[in-house]
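# Coordinates in review
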Amino acid sequence: MGYERSVSADAHDLLPESVWHIQMPQIRFGRDSVRELGHQLSSLGADGDARGLLVTDENLESLGHVDRVVDHLEDDGFSVDVYADCEPEPTVQVADDCIDFVRENAGDDGYDFYVGLGGGSNMDIAKIARTVIANGGEPLDYIAEPTGGGKAIVDTGAPLVLMPTTAGTGSEISPVAILSVEEKNIKEGISDNKVRADAAVLDPTFTTTLPPDLTAKTAMDALGHAIEGYTTHEFDSLMRAQDPSERPVYAGRTPLTEMFSEKAIDLLSSNVRTAVHNGDDLEARSNMLQGALFGAIAGLTAGANLAHAIAYPVGNKYHTAHGETIAALTPASTIDYNSASDPGRFANVAEMFGISTKEMTDHAAADALKAEYIQLQKDLNVLPSGLNELAGITEDDVDWLAQQTVDTQERLLRCNPRPVEKEDVRDVLLDALHNWED
């Protein structure tokens, strides 16, 4: 039990954690659940004549999804402004621009409610805007030192409901919002349970317009959450916090998160091929969205770890999509490197992927899992064969990426079930350059 996994505590208080805790938004799931968005907002205290902000992007405007949400809200008596300038992998400037929009159009007190519609980037901007408006200042104030000011978040703010249009990021239930800090060439998170949305409305009919490549990329992120959540360390291998409020948001796996991981891996691995190759199959889309939700509940409570830790420096330097970066890294990191921490647990994951492991050793089952995961990616036919195809990354680049990972991603590396040094990250990156040959 390593001290590096502890939260701040005096030496005499270094005892193992004995309590686990889970905090979730209210969740509504189902086809046409958008019809209950107004009811959800009312239950959170938004009056029928309240004025709110819908945070989204131009693409979802063009697809008609924004009008659909606005129409339902206006039918329920709400007034809605639309901010549609979100971008993928948002920078601090994107968040600043949204906050400026709020202050210019609704004053320093902001709107009566917020709705985030889209993928993880849009939902993260909605979370950040709500948080900063409620607490003052700017986004960098709430990013941990030394990158940001490390200011405490005191108020949750006005009601916030998130509506994902992808099946992958888990931002709708996550207590974290990620931004690229361009001047430092890193990605950082604002991480606090007060950042978490009050509710999530998951309507699979909003996901059928997602093209095959984005369907695959976001699915790999969701699978990453589920597998990492299932294989991370147990909650009682953390040190006990001096105060419950100091318990980290990524707090280790529990019996509850394990159940969600298992169901998520089953739903995602058995439906992603259909969702990618036949996007109009609403049953597959529903199963994917539900699997992504379950994977997020597991992985973003227990803790994402090595693959996500490396993905942030890669994504920030090369501007790669998060999901396909996770896809390229998972075989070498989550499966190959981490399987040594508990081979039997990875043999369980192999079974969840449909592999018969009865005649295999646990190590052989973990190897079979890696092969099956790679075959799944190949079957989708829209994902890169590794980091080299993803972004032209070569052996010459891995030393810098490894150093960035260990220097900037302590929050995620502390969740890894196997200790990680720079050379370990370097070896993982080299392995991930080419997952298969074309």
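This structure is a prediction, so every number in the text was calculated from the model and none was measured. Residue numbers run consecutively from 1 along every chain, following the written order of its sequence. Since the coordinates come from a predicted model, pLDDT governs what is reported: local features require at least 70, and pairs of side-chain atoms require 80 or more to be given and counted, while whole-chain, interface and lining totals use all residues. Excluding hydrogens and water, the side-chain values take into account all heavy atoms of the structure.

This part is about the side chain of serine 174. With respect to the secondary-structure elements, serine 174 resides in the loop between β5 (160-164) and β6 (176-181). For the purposes of these results, a polar contact is taken to be a pair of N or O atoms within 3.5 Å, where, inside protein, one atom must be able to donate a hydrogen and its partner to accept one; residues adjacent in sequence count only when each atom of the pair is a side-chain atom. There is a polar contact of 3.0 Å between the side chain of serine 174 and the backbone nitrogen of valine 176. Contact criterion: two residues are considered in contact whenever any of their non-hydrogen atoms come within 4.5 Å of each other. Once residues lying within four places of it in the same chain are set aside, the contact partners of serine 174 are Lys127, Arg196 and Leu300. Comment: elements are numbered from the N terminus, with helices defined as DSSP H or I runs of at least four residues and strands as E runs of at least two.

For helix α7 (residues 255-277), which comprises 23 residues, the first-to-last C-alpha distance of 34 Å matches the rise-based estimate of 33 Å (1.5 Å per residue) to within 8%. Two axes are fitted around each residue, one to the seven residues ending there and one to the seven starting there, and the angle between them is reported as the bend at that residue. At asparagine 271, α7 shows its maximal bend, which comes to roughly 45°. For the exposure calls, accessible area comes from a 1.4 Å probe over protein chains only, and a residue counts as buried if that area is under 20% of its type's maximum, exposed if over 50%, partly exposed in between. Of all the residues in α7, the buried ones are Thr257, Glu258, Ser261, Ala264, Ile265, Leu267, Leu268, Ser269, Asn271, Val272, Ala275 and Val276. The secondary structure elements touched by the buried residues of α7 are α6 (212-231), α8 (282-302), α12 (343-352) and α13 (362-380). An expected span of 1.5 Å times one less than the residue number is assigned to each helix.

Definitions used for this entry: grid spacing 1 Å over protein atoms alone; cavity, a set of points where a 1.4 Å probe fits but cannot get out; pocket, an open set with protein on both sides within 12 Å along at least 5 of 7 lines; lining residue, one with an atom within 4 Å of a point. Grid points are joined across faces, edges and corners, and a volume is the space filled by probe spheres set on the points. In the structure shown here, the tally under the stated rule is two cavities of 30 Å³ or more. Counted as a void, the largest cavity has a volume near 50 Å³. Looking at the largest cavity, the residues that line it are Ala167, Thr207, Leu210, Thr215, Thr218, Ala275, Arg285 and Met288. Those elements giving two or more residues to the lining of the largest cavity turn out to be α6 and α8. Looking at side-chain class alone, the lining of the largest cavity contains four nonpolar, three polar and one charged residues. Looking at the second largest cavity, the residues that line it are Trp20, His21, Phe235, Ala251, Gly252, Thr254 and Thr301. Polar here means any residue other than Ala, Val, Leu, Ile, Met, Phe, Trp, Tyr, Cys and Pro, which are nonpolar, and Asp, Glu, Lys and Arg, which are charged; Gly is therefore polar. Split by residue class, the lining of the second largest cavity holds three nonpolar, four polar and no charged.

To continue, consider the pattern of salt bridges. By convention in these notes, a salt bridge is any Lys or Arg side-chain nitrogen within 4 Å of a carboxyl oxygen on Asp or Glu. For the coordinates displayed, the defined rule picks out 19 salt bridges. Here the residues in one salt-bridge network are Arg253, Glu258, Asp342 and Arg345, joined through shared partners.

Moving on to the sheet that holds strand β4 (residues 113-118). Each strand in a sheet pairs with another by means of backbone hydrogen bonds, the pair being arranged parallel or else antiparallel. When DSSP finds two or more bridges between a pair of strands, those strands are recorded as paired. Spatial strand order, β1-β8-β5-β4-β2-β3: six strands in an open sheet with parallel pairing. Lying at the two open borders of the sheet, with one neighbouring strand each, are β1 (26-29) and β3 (79-83). Across this sheet, the average inter-strand angle for adjacent strands is 20°, counted without regard to direction. Both β4 and β5 contribute to a ladder of five bridges, which runs parallel. For tyrosine 114, the partnering residue across the bridge sits in β5 and is leucine 160. Axis lines are fitted to C-alpha atoms, over the contacting stretch for helices. Their N-to-C directions set the angle, which ranges from 0 to 180 degrees. Of the strands in this sheet, β2 (51-55), β3 and β4 touch helix α4 (residues 92-106), which is tilted by about 145° from β3.

Moving on, we come to the pairing of β4. The buried fraction of β4 is high, at six of six residues. Of the two faces of β4, the one lined by Phe113, Val115 and Leu117 and the one lined by Tyr114, Gly116 and Gly118 are each fully buried. Relative to β4, β2 runs parallel, the two being bridged by four bridges. The partner of leucine 53 across the bridge, within β4, is tyrosine 114.

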